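Descriptive structure summary
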Amino acid sequence: MANRKLKIRDLTLRDGQQSLFATRMPQACIDRLLPLYEGANFYIMEVWGGAVPDSVMRYLDESPWERLRICSKAMKGHSLLSALSRGRNLFGYVPYPDSVLEGFYKEAIKNGLNVMRIFDALNDLDNVKESIRMINELGGIADGAVCYTVDPKEEAPAEPAEKPGFFSRLFGKKTEVPVAPEKIFTDEYFVSKAKAMEGFGAKIITLKDMAGLVNPARIASLMPKLKAAVNVPVDFHTHCTPGYGLASSLVAIINGVDILDTNIWWFGEGSAAPAIELIYIFCQKLGIELEANMEAVGKIRNELYDVRKQLAAFDLNKDHFPKAFDPLADKLPAEIDALFDRAIAAAKANDEESLLAACHAIEDYFGFPKPNLLVKDAEVPGGMYSNMVAQLKALGASDLLDDAMRLIPKVRRDAGLVPLVTPTSQIVGSQAVSVALDRKKGNPDYSNPSNQFISLVKGEYGHTPVAVDPAFREKIAGTPVETPYDVTKYQKPENPVLEDMGGVKLASNQEEYLLLELLPTVANGFLRKRRAEEWEKTQAAAAPKVEEKPAVEAEPVTGPTLNAPMGGRIVEIKVKPGDKIKFGQTMLVYEAMKMENDLSSEIDGTVKRILVAPDQVVATDQALIEYE
């Protein structure tokens, strides 16, 4: 391993804060950190994409474009800046046509982005091919990411009511042992995807383990095959949630990975990627040069401590920070230093049990979170699990969590054995919750499929790893035939003139209109606030003082109502006062847990009043529409 070097992609400002603090780090905090990053010499810094465009508008009321511009200006080319793109889903949750993809990629590269990591939640190569071509043609670096996943665990067969007697066993009908389904997600499966992406023009290949499910033995088998199959650098991205991350990263290093994704101490480990400081110690002992300025990393680490304190409202471990540690200045106790040696020896000997024991002991010494055994056993991403918890809590049905978790393999198989990564993880998780509720109410499974689940089963997200049963597709989507997304049906969102704000358009330029195309519900509210601020500034000096009128009391609701089944945001209202309504007619579309759902009338009747407006946030059981 002499003279080997390991490049680092720092995830702190994007995936790190998304994994640990729900993407709530405001621009003011990032502005404090960027001057310190200039000298860190990271090969790549991930600063954009993923949940950032959505979350910075939705929760922070900030511009995603401004965030990218500020990062680019501050870094001055010292590190490549990268973003995560969900292929045809881009940074959103539904498929978009090529025109939207190209518009976003073009604007992103113009504003300083260098590397676009492109993955598809189904590992459907047709969904990444055009993105790779566009990024290369626009002058960026296309990073093709293969999503790692595992075949679902098989359900244990039910015990017979009575054990058969001797003669029954001797002369009776033989019990057929069910044949285990063929394994889909083999090493060859992932290698073939990587080779195809390189053939499309990817300049980096990433093994993207979003749930942290790559155990050390698997990466020891898979990494050498990836390295042998492609001629471009290979990057390994994993998370520490179920307890494999640090150990598997060490095995990846030993087996020749070129780039490793890490976070800086206070934003590392737990449900995030491994901490660079621990990786640095392993590299020192292996004689591998880690290509980062650890003195500069130390300065960032010191500032991140205060930043993490500011994010306490979103920090599940706010009362359990890890121990402070500087690998350049602090001497490890002999027994802890020996754990690093033990881990290296176990990794080289393919002794997974001893390797995991040593790595867990290291993490435990520093006070990092213990492995999440529920996520490990369920084999789902931590973010998917937390979304399901929040969804059930909002519904007042937290007691159904175990049932919903057990339903994930069924829903996943029914939908074509999809990998669990955004957006499919949200779609499958939300649908598992819905099926659990169906069963509790005595309704048939899939009584309330979300619009996104219908699209997934129909084929609009792409080809699933295993073909969907035509009968199931017909039940959910109304057709037994796989039907791809029809780009000719794409309708550009309206850019309305705001008469009450001086006749200006909602989106004032191309980059704002791209936000409307990508995330119409969130961008609508965000841009209305920007136009309102501008209008208020122009009117402040000239507007005469108006005497305030007393508030008019709202008319009480007296008729039957259509209520929100759970908290969410109104996307579209499809009826108006006076409309005659039939049972089962779609009344409105609302968004909950980032999934859009049609809400249908439960009675025949006439609409008296609409009690909500588009983009309004509503609570569980809130009245939405009143009938006469």
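Above this note sits the structure.
One structure accompanies this document, and this report is about it. (Residues numbered from 1 in each chain as written. Predicted model: local features only at pLDDT ≥ 70, side-chain atom pairs only at ≥ 80, totals over all residues. Heavy atoms only, no water.)

Next up on the list: the overall build of the protein chain. For the protein chain, the helix and strand inventory stands at 22 helices and 19 strands. Relative to the 2.2 N^0.38 estimate, which gives 25 Å for 628 residues, the radius of gyration of the protein chain is 26 Å and therefore close to what a compact globule would have. Each of the three principal axes of the protein chain carries a C-alpha extent, and together these read 90 × 75 × 45 Å. Within the protein chain, the proportion of its 628 residues that are buried is 52%. Looking at the protein chain as shown, the accessible area adds up to about 27,900 Å², and 52% of this sits on carbon and sulfur atoms. Averaging the locations of the 73 positively and 88 negatively charged side chains of the protein chain gives two centres separated by 1 Å. (Helix = DSSP H or I, 4+ residues; strand = E, 2+ residues; numbered from the N terminus. Rg over C-alpha atoms; globule rule 2.2 N^0.38 Å. Buried < 20%, exposed > 50% of the residue type's maximum accessible area, 1.4 Å probe, protein only. Areas by Shrake-Rupley, 256 points an atom, 1.4 Å probe, with all protein chains shown as cover. Lys, Arg positive; Asp, Glu negative; His and termini not counted. Charge placed at Lys NZ, Arg CZ, Asp CG, Glu CD.)

Further remarks concern the pattern of salt bridges. Summed over all chains, the structure comprises 45 salt bridges. Here R117 ties to D261 by a salt bridge, and the two come within 2.9 Å at their closest N and O atoms. Taken together, the residues R117 in strand β4 (residues 115–118) and D261 in strand β8 (residues 259–262) connect sequence positions 144 residues apart. With respect to class, R117 is no different from D261; both count as buried. Measuring nitrogen to oxygen at the nearest pair gives 2.9 Å for the salt bridge that ties E533 to R530. (Salt bridge = Lys/Arg side-chain N within 4 Å of Asp/Glu carboxyl O.)

What follows covers helix α13 (residues 334–348). Its 15 residues place the ends of α13 21 Å apart at the C-alpha level, agreeing with the 21 Å of an ideal helix rising 1.5 Å per residue. Turning to α13, its buried residues are I336, L339, F340, A343, I344, A346 and A347. Down the axis of α13, the sector holding all buried residues measures 165°, keeping them to one side. Away from the buried face of α13 by more than 90 degrees, exposed residues A334, E335 and K348 are located. Looking at the buried side of α13, the elements it contacts are α10 (245–254), α11 (276–286) and α14 (352–366). (Expected span 1.5 Å × (residues − 1). Arc of directions from axis to C-beta. Contact = heavy atoms within 4.5 Å.)

The next point concerns the nonpolar core. One finds F42 and W48 to be the most contacted residues of the largest nonpolar core, which totals 134 residues. Sorting elements by how many residues they give to this core places α11 first, with eight residues. Beyond its immediate chain neighbours, meaning those up to four positions away, F42 contacts I8, D10, Y37, H78, S79, I264, I276, E291, A292 and V297. Judged by nonpolar contacts, the second largest core, of 33 residues, contains L407, V418, F453 and Y461. (Core = buried A, V, L, I, M, F, W, Y, C linked by side-chain atoms within 4.5 Å.)

Positionally, N215 belongs in the loop between β6 (204–208) and α9 (216–229). At 2.9 Å, the side chain of N215 forms a polar contact with the side chain of E352. Discounting residues that sit within four places of it in the chain, N215 has contacts with Y244, S248 and E352. (Polar contact = N/O pair within 3.5 Å; in protein donor to acceptor, adjacent residues only side chain to side chain.)

This part is about helix α1 (residues 12–21). Burial analysis of α1 places eight of its 10 residues in the buried class, the great majority of the element. Within the span of α1, buried status applies to T12, L13, R14, D15, G16, Q17, L20 and F21.

The subject of this paragraph is the environment of G268. Within the element layout of this structure, G268 appears in the loop between β8 and α11. The sequence separation of G268 and N448 amounts to 180 residues, and the corresponding C-alpha distance is 38 Å.

Here the focus is the side chain of E62. Summarising the element assignment, E62 is placed in the loop between α3 (52–58) and α4 (64–75). Look at E62 and you get buried, because its relative accessible area is 19%. At 3.1 Å, the side chain of E62 forms a polar contact with the side chain of R67. Among all residues touching E62, those that are not within four sequence positions of it are P26, Q27, V56, M57, R67 and F526.

Our focus in this paragraph is the packing of aromatic side chains. The tally for this structure, following the rule as stated, stands at 22 aromatic pairs. When the ring of W266 is compared with that of F321, the centres are 5.9 Å apart and the planes differ by 40°; the resulting orientation is tilted. A residue pair is termed long-range when its members are at least 10 positions apart, and W266 in the loop between β8 and α11 and F321 in the loop between α12 (294–310) and α13 qualify at 55 residues. Residue W266 is classed as buried on the basis of its relative accessible area of 6%. (Phe/Tyr/Trp six-rings, centres within 6.5 Å; stacked < 30°, edge-to-face > 60°.)

For the peptide bond that leads from T422 to P423, omega is 5°, which places it in the cis range. Mapping P423 onto the fold places it in the loop between α17 (401–414) and α18 (424–441). Of note, the phi angle at N123 is positive, near 55°, even though the residue is not glycine. Following the sequence through the fold, N123 ends up in the loop between β4 and α6 (126–137). For N350, which is not glycine, the phi dihedral falls at a positive 55°. If you trace the backbone, N350 turns up in the loop between α13 and α14. In this structure N350 comes out as exposed when scored by relative accessible area, which is 60%.

Reading across the sheet, the four strands line up as β12-β19-β17-β14 and stay open at both edges, with antiparallel pairing between neighbours. The strands lining the two open edges of the sheet, one partner per strand, are β12 (561–563) and β14 (580–581). As judged from the three bridges shared by β12 and strand β19 (residues 623–627), these two strands associate in the antiparallel manner. Bridged to N563 within β19 is A623. (Pairing = 2+ DSSP bridges.)

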